[in-house]
Amino acid sequence: MNCVVCGGKVVDGRYIEFGICGECERVIDDIIAAYFERLTRDLEIDGEAPYYIYMLSRKLKFLEQTMWWHAYDEMLQKGKSDDEYFMRLEKAIKWFDSNPDIVKKIGEKFFAKCNSCGKELIPGSVVVEQVNGSFIVKCNSCGDVIVSCIVCKRLNE
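As the structure is a prediction and not an experimental result, all values here were calculated from the model. (Residues numbered from 1 in each chain as written. Predicted model: local features only at pLDDT ≥ 70, side-chain atom pairs only at ≥ 80, totals over all residues. Heavy atoms only, no water.)

Peer 1: When you look at the packing of helix H4 (residues 83-98) against helix H5 (residues 100-110) in this model, what are you seeing that I'm missing?
Peer 2: In helix packing, the relevant descriptors are the interaxial angle and the interaxial distance, both defined with respect to the helix axes. One way to put it is that H4 packs onto H5 with a least axis distance of 5 Å and a crossing angle of 95°. Our classification of the angle between H4 and H5 gives roughly perpendicular. Across the interface between the two elements, Trp-95, Phe-96, Asp-97 and Ser-98 from H4 touch Pro-100, Ile-102, Val-103 and Ile-106 from H5. Its residues placed into classes, the contact of H4 with H5 shows 6 nonpolar, 1 polar and 1 charged. (Axes fitted to C-alpha atoms, helices over the stretch in contact; angles between N-to-C directions. Helix = DSSP H or I, 4+ residues; strand = E, 2+ residues; numbered from the N terminus. Parallel < 35°, antiparallel > 145°, perpendicular 65-115°, else oblique. Contact = heavy atoms within 4.5 Å. Nonpolar A, V, L, I, M, F, W, Y, C, P; charged D, E, K, R; others polar.)

In structure tokens, the structure reads:
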């Protein structure tokens, strides 16, 4: 089976049932982590809907303008570049935007409640912690990691 995002082989990963390879899974997790981080800072988000519902109602434009462009520009300025990652990120952003039904299924399965304690992931239920320039999203109740971001910089500055 080929990955629905990049066209590569799907051999492992938690999103295998959705036809997503392990490399694209990590990029999609970065996107989802960026949404969690951004939504925890958004003062307009106050309600009982799970985070993934808010995520689906927003366009990815802010990700393109913040995460993708700023991170890539910063890497280039430092004389480093991970073109493969950023090309995959661009494909994932386009796929994410074009496939809300699949994104909703991923959200329902992995990001509606904490896998450890079962708490619903609604505004106020997560905490975002900085770790060596990256960040992780944790359940506020039990401290379990919900999703982490592997790009080594704060994505939504």
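From this point, the narrative continues.
Peer 1: I'm lost on the environment of Ile-53 in this one. Help?
Peer 2: Checked against the element boundaries, Ile-53 lands in helix H2 (residues 51-57). Between the alpha carbons of Ile-53 and Ala-112 there is a distance of 8.8 Å; along the sequence they are 59 residues apart.

Peer 1: Please explain the sheet that holds strand S1 (residues 126-131) as it appears in this structure.
Peer 2: What links the strands of a sheet is backbone hydrogen bonding, and the strands pair in either a parallel or an antiparallel sense. Taken together, the 3 strands give an open sheet; going across it, the order is S1-S2-S3, and neighbouring strands pair in antiparallel fashion. Of all strands in the sheet, those with a lone pairing partner are S1 and strand S3 (145-149), marking the two edges. Adjacent strand axes in the sheet meet at a mean angle of 20° when their direction is disregarded. Across 6 bridges, S1 lies against strand S2 (residues 134-139) in antiparallel orientation. (Pairing = 2+ DSSP bridges.)

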